[in-house]
Amino acid sequence: MKPIGAVALILIYIIGLAASLTWAASLNATYLIGLTLWTSFFGFCTAVSLMAIWSREHWMG
């Protein structure tokens, strides 16, 4: 991953985390629920995306 990709990934995480915390607060839920939901969703999507990219690079040469 190039450095600009890592920076973009961190920015997406921060923006999504802010939105998730706002959503949790609007439902009168704890911030921990928003943090947990966003982090698990983000981690899953990142893992699947990176796995697809790296396996494509492996098989395509």
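Asker: Is there a simple way to think about the packing of aromatic side chains in this case?
Answerer: For any two aromatic rings, the description comes down to two numbers: the centre-to-centre distance and the angle of the planes. Evaluated as defined, the whole model comprises three aromatic pairs. Considering the side-chain rings of Trp 38 and Phe 42, the 5.8 Å spacing of their centres and the 35 degrees angle between planes classify their relative orientation as tilted. Here Trp 38 pairs with Phe 42, and both are found in helix 2 (residues 31-60), just four residues apart, close to one helical turn. By way of ring pairs, the aromatic residues Tyr 13, Trp 38, Phe 41 and Phe 42 are connected into one cluster.

Asker: How do you make sense of helix 1 (residues 3-26) when you look at a structure like this?
Answerer: Given 3.6 residues per turn, any residue in an α-helix points the same way as the ones three and four places further on. Its 24 residues give helix 1 an end-to-end C-alpha distance of 35 Å, which sits within 8% of 34 Å, the value for a rise of 1.5 Å per residue. Turning to helix 1, its buried residues are Gly 16, Leu 17, Ser 20 and Ala 24. Trailing helix 1 by a residue or two, Asn 28 shows a phi angle of about 60 degrees, which is positive.

Asker: What is the right way to look at the side chain of Ser 20 in this model?
Answerer: Summarising the element assignment, Ser 20 is placed in helix 1. For Ser 20, the residues in contact, after removing those within four places along its chain, are Gly 34 and Trp 38.

Asker: So what exactly am I meant to see when it comes to the environment of Gly 16 here?
Answerer: The topology assignment puts Gly 16 in helix 1. Among the residues examined, Gly 16 registers a relative accessible area of 11% and is labelled buried. Sequence separation between Gly 16 and Ile 4 is twelve residues; the distance between their C-alpha atoms is 18 Å.

Conventions and cut-offs
- Residues numbered from 1 in each chain as written.
- Predicted model: local features only at pLDDT ≥ 70, side-chain atom pairs only at ≥ 80, totals over all residues.
- Heavy atoms only, no water.
- Phe/Tyr/Trp six-rings, centres within 6.5 Å; stacked < 30°, edge-to-face > 60°.
- Helix = DSSP H or I, 4+ residues; strand = E, 2+ residues; numbered from the N terminus.
- Expected span 1.5 Å × (residues − 1).
- Buried < 20%, exposed > 50% of the residue type's maximum accessible area, 1.4 Å probe, protein only.
- Contact = heavy atoms within 4.5 Å.

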